[in-house]
Amino acid sequence: PKIDERVKSIGIDGYTQYGYPVSFWDVFSEKGTAVRSTISEMGPQLLSRLMELNEAQESIITLVFEYADQEGLLLVDLADLRTTLEYLGENTGSLGLNYSVSKASVNAILRRLLTLEREGGDVFFGEPALSLEDFMVTDRNGRGRINILAADKLINSPRVYSTFLLWLLSELFENLPEIGDPEQPVLVFFFDEAHLLFNSAPKSLIEKIEQVVRLIRSKGVGVYFISQSPSDIPDTVLGQLGNRIQHALRAYTPREQKAVKVAAQSFRENPKLDTVSVISELGVGEALVS
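Everything numeric here is computed off the predicted structure, so don't read it as measured data. (Residues numbered from 1 in each chain as written. Predicted model: local features only at pLDDT ≥ 70, side-chain atom pairs only at ≥ 80, totals over all residues. Heavy atoms only, no water.)

Caption draft 1: The arrangement of the overall build of the protein chain in detail. Along the backbone of the protein chain there are twelve helices and seven strands. Along the longest, intermediate and shortest principal axes, the C-alpha atoms of the protein chain span 75 × 50 × 35 Å. Restricting the contact set of the protein chain to residue pairs at least 6 apart, pairs at least 24 apart contribute 71%. Total accessible area on the protein chain stands at roughly 17,100 Å², and carbon and sulfur atoms take up 49% of it. For the protein chain, the separation between the mean place of its 28 positive charges and that of its 40 negative charges on side chains is 6 Å. (Helix = DSSP H or I, 4+ residues; strand = E, 2+ residues; numbered from the N terminus. Contact = heavy atoms within 4.5 Å. Areas by Shrake-Rupley, 256 points an atom, 1.4 Å probe, with all protein chains shown as cover. Lys, Arg positive; Asp, Glu negative; His and termini not counted. Charge placed at Lys NZ, Arg CZ, Asp CG, Glu CD.)

Caption draft 2: Main features of empty space enclosed by the protein. Tallying each qualifying case throughout the model produces one cavity of 30 Å³ or more. Each pocket or cavity is described by its volume, and for the largest cavity that value is around 50 Å³. Taken together, Leu165, Leu169, Phe191, Ile209, Val212, Val213, Val223 and Phe225 make up the full set of residues lining the largest cavity. Put simply, the parts of the chain that give the lining of the largest cavity at least two residues each are helix H7 (158-175), helix H9 (203-215) and strand E5 (221-225). Per-class residue counts for the lining of the largest cavity are eight nonpolar, no polar and no charged. (1 Å grid on protein atoms, 1.4 Å probe; cavity = no way out; pocket = protein on both sides within 12 Å on 5 of 7 lines; lining within 4 Å. Points joined across faces, edges and corners; volume = space filled by probe spheres on them. Nonpolar A, V, L, I, M, F, W, Y, C, P; charged D, E, K, R; others polar.)

Caption draft 3: Here's a closer look at the pairing of strand E1 (residues 22-26). Alignment of E1 against strand E3 (residues 146-149), held across four bridges, turns out to be parallel. Among the inter-strand pairings, Val22 is bridged to a residue of E3, identified as Ile146. Relative to strand E2 (residues 33-34), E1 is paired through two bridges, and the arrangement is parallel. Paired with Trp25 across the two strands is Thr33, which belongs to E2. (Pairing = 2+ DSSP bridges.)

Caption draft 4: Here's a closer look at a nonpolar patch on the surface. Judged by side-chain polarity, Tyr18, Tyr20, Val22, Phe24, Ile146 and Ile148 come together as a nonpolar surface patch covering roughly 610 Å² of accessible area. At the level of elements, E1 and E3 are the ones that each hand at least two residues to the nonpolar patch. Within the fold, Val22 resides in strand E1. (Patch = residues over 30% accessible without salt bridge, like charges linked within 9 Å, V, L, I, M, F, W, Y side chains within 5 Å. Salt bridge = Lys/Arg side-chain N within 4 Å of Asp/Glu carboxyl O.)

Caption draft 5: Focus on the confidence of the model for the protein chain. Looking at the protein chain, pLDDT values average 85 and 98% of them are 70 or higher. No element of the protein chain has a lower mean pLDDT than H9, at 78, and none a higher one than E3, at 94. (pLDDT = per-residue confidence, 0-100.)

Caption draft 6: View of the side chain of Ser23. Tracing the backbone shows Ser23 in strand E1. In this structure the side chain of Ser23 is engaged in a polar contact, spanning 3.1 Å, whose partner is the side chain of Arg145. Apart from residues no more than four positions distant in its own chain, Ser23 is found in contact with Arg145, Ile146, Asn147 and Ile148. (Polar contact = N/O pair within 3.5 Å; in protein donor to acceptor, adjacent residues only side chain to side chain.)

Shown next, in the form of structure tokens:
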């Protein structure tokens, strides 16, 4: 009823709602199709950043990948990575100087792997790996597909959530062609409850999101962060966003009043508008658009 009321008040003629095909995805394979990637696809640099390894530990992970490439070994899941890592640690002397690794560093990486595994990393890494084409499909009428990721359980495993997003953003960045500034995007992301995404997020994830938001537009990808207040989004990311849609914010406490002022300051100054007052007075279905 609220939508009908709003459509009538705006005066849109011939408004009709259409159903679109929907796919449901779930890293834990409980509420939708499994979302998986292999260790090999993740790569040593991304994996090291995710586990927040130091320079020496990152070099060992790189050696693991090089050794696997030379021996024709496919690193699919965490068990493959652990086994190869342990093998290099135990046979470092017999494999030659190129593969000389510290046992202490290997043990430190194994502890990080265990943490990742306990949070659900063991279900994310595996086969078959998700392909970007699975997201960007249309039906016989040319309608795009809506993809919904179940994150209610995933959000409680911040490392796995970060792993998934880092991998997905990196895949988009590396594989999509440059197409300039298209009239409409080929793919749009909506991150609901965005403050949960940035709470305790690894620095590597925030840096990747900042990079993607800045450069991904030329690849035909749109990104929307949905949250109660702009203050929930880091300034480095917020500064890259070109469009803002601000719904009503009610301010009863000093902290809430400050949040309204922060939201108002994120808009360009308009002498015809008291942005702070407008944000506080917006009704249901109304928004201030930058």
